[in-house]
Amino acid sequence: MQAGLAKLPIFTTLGGYGGLSQRFNRLDVSIRGDAERTAYQDSTLTDGSTASNKDRNYNQYTGALRGGYELTPGVTPFVEVAADTRVHDLNADLSGYQRNSKGVTGKLGTTFEMSRFLTGEIALGYTWRNYEDPRLSQIAARSAMRR
């Protein structure tokens, strides 16, 4: 965070994805790819000047592979592995850190169908992220997801 901010800068994330899925009897296999662009507006400072946030703008590209097996109608446990790359517009941020990174996420979960109109998914995952800059430590974290 910059000192002397009049208000937090607005950022926009736009993206798209595509994928293919194939069902082999009860086995479901899918592959997905997506691309996102995150861009920040300049910060307005309390003295009326502006500060650039171009060092925070980045593109992220992700590919994921999922396999699931339908145990009963409407209940499909799955395993998913995803890999992503983040590429910032500027090689180094204002502090001199190279924030480009690569990440891997593994998930175990299940999809469920309570009715034709009520479906969901729940999963537990673990993510690893490695930054280009050797001064930045690898990040590893657990996550839970519901939809």
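It should be emphasised that the depicted structure is a prediction, and the values quoted were computed from it without experimental measurement.

### Section: the overall build of the chain
Moving on, step 1. Across its full length, the chain carries zero helices and nine strands.
Moving on, step 2. For the chain, the succession of helices and strands along the chain, N to C, is β-β-β-β-β-β-β-β-β.
Moving on, step 3. Against the compact-globule benchmark of 15 Å for 147 residues, the chain has a radius of gyration of 20 Å, which places it well outside the compact range.
Moving on, step 4. If you line up the chain on its principal axes, its C-alpha atoms span 65 × 35 × 25 Å.
Moving on, step 5. When burial is assessed residue by residue, the chain has 27% of its 147 residues classed as buried.
Moving on, step 6. Long-range pairs, those at least 24 residues apart, make up 50% of the contacts in the chain with a sequence separation of at least 6.
Moving on, step 7. Of the accessible surface of the chain, which amounts to about 10100 Å², a share of 58% is contributed by carbon and sulfur atoms.
Moving on, step 8. Side chains of the chain give 18 positive and 15 negative charges; the mean places of these two sets differ by 4 Å.

### Points about the packing of aromatic side chains
Moving on, step 1. Counted according to the given criterion, the structure contains two aromatic pairs.
Moving on, step 2. In this structure, Arg66 packs its charged tip against the face of Phe78, placed 3.6 Å from the ring centre.
Moving on, step 3. When the ring centre of Tyr97 is taken as reference, the NZ or CZ atom of Arg135 above it lies at 4.3 Å.

### What about the confidence of the model for the chain?
Moving on, step 1. Taken residue by residue, the chain gives an average pLDDT of 92. The fraction at 70 or more is 97%.
Moving on, step 2. No element of the chain has a lower mean pLDDT than strand S9 (residues 139-146), at 82, and none a higher one than strand S5 (residues 58-69), at 98.

### Overview of the sheet that holds strand S8 (residues 118-131)
Moving on, step 1. Across the sheet, which stays open at both edges, the seven strands sit in the order S1-S2-S5-S6-S7-S8-S9 with antiparallel pairing between neighbours. The open sheet has two free edges, formed respectively by strand S1 (11-24) and S9, since each of these has just one partner strand. Neighbour-to-neighbour, the strand axes of the sheet open up by a mean angle of 15°, direction not taken into account.
Moving on, step 2. Here strand S2 (residues 27-40) runs beside S5; their pairing, made up of 12 bridges, is antiparallel. By the bridge assignment for S5, Val29 is matched with Gly67.

### Points about a nonpolar patch on the surface
Moving on, step 1. Together, Val79, Val81, Val104, Leu108, Tyr126 and Trp128 line one region of the surface with nonpolar side chains, adding up to about 530 Å² of accessible area.
Moving on, step 2. Broken down by secondary-structure element, the contributors of at least two residues to the nonpolar patch are strand S6 (75-88), strand S7 (101-115) and S8.
Moving on, step 3. Summarising the element assignment, Val79 is placed in strand S6.

### So, the pattern of salt bridges
Moving on, step 1. Scanning all chains against the criterion turns up 11 salt bridges.
Moving on, step 2. A salt bridge links Arg23 to Glu70; the nearest nitrogen and oxygen atoms lie 2.7 Å apart. Highlighted residues: Arg23 in strand S1 and Glu70 in the loop between S5 and S6, separated in sequence by 47 residues.
Moving on, step 3. Counted as one network, the salt bridges with shared partners bring together Arg32, Asp34, Arg66, Glu80, Lys107 and Glu121.

### Regarding the environment of Asn53
Moving on, step 1. With respect to the secondary-structure elements, Asn53 resides in the loop between strand S4 (50-51) and S5.
Moving on, step 2. Overall, the relative accessible area of 2% leaves Asn53 in the buried class.
Moving on, step 3. As for Asn53 and Arg99, which are separated by 46 residues in sequence, their C-alpha atoms are 14 Å apart.
Moving on, step 4. Polar side-chain contacts of Asn53 include one of 2.8 Å to the backbone oxygen of Gln41.

Definitions and cut-offs
- Residues numbered from 1 in each chain as written.
- Predicted model: local features only at pLDDT ≥ 70, side-chain atom pairs only at ≥ 80, totals over all residues.
- Heavy atoms only, no water.
- Helix = DSSP H or I, 4+ residues; strand = E, 2+ residues; numbered from the N terminus.
- Rg over C-alpha atoms; globule rule 2.2 N^0.38 Å.
- Buried < 20%, exposed > 50% of the residue type's maximum accessible area, 1.4 Å probe, protein only.
- Contact = heavy atoms within 4.5 Å.
- Areas by Shrake-Rupley, 256 points an atom, 1.4 Å probe, with all protein chains shown as cover.
- Lys, Arg positive; Asp, Glu negative; His and termini not counted.
- Charge placed at Lys NZ, Arg CZ, Asp CG, Glu CD.
- Phe/Tyr/Trp six-rings, centres within 6.5 Å; stacked < 30°, edge-to-face > 60°.
- Lys NZ or Arg CZ within 6 Å of the ring centre and 35° of its normal.
- pLDDT = per-residue confidence, 0-100.
- Pairing = 2+ DSSP bridges.
- Axes fitted to C-alpha atoms, helices over the stretch in contact; angles between N-to-C directions.
- Patch = residues over 30% accessible without salt bridge, like charges linked within 9 Å, V, L, I, M, F, W, Y side chains within 5 Å.
- Salt bridge = Lys/Arg side-chain N within 4 Å of Asp/Glu carboxyl O.
- Polar contact = N/O pair within 3.5 Å; in protein donor to acceptor, adjacent residues only side chain to side chain.

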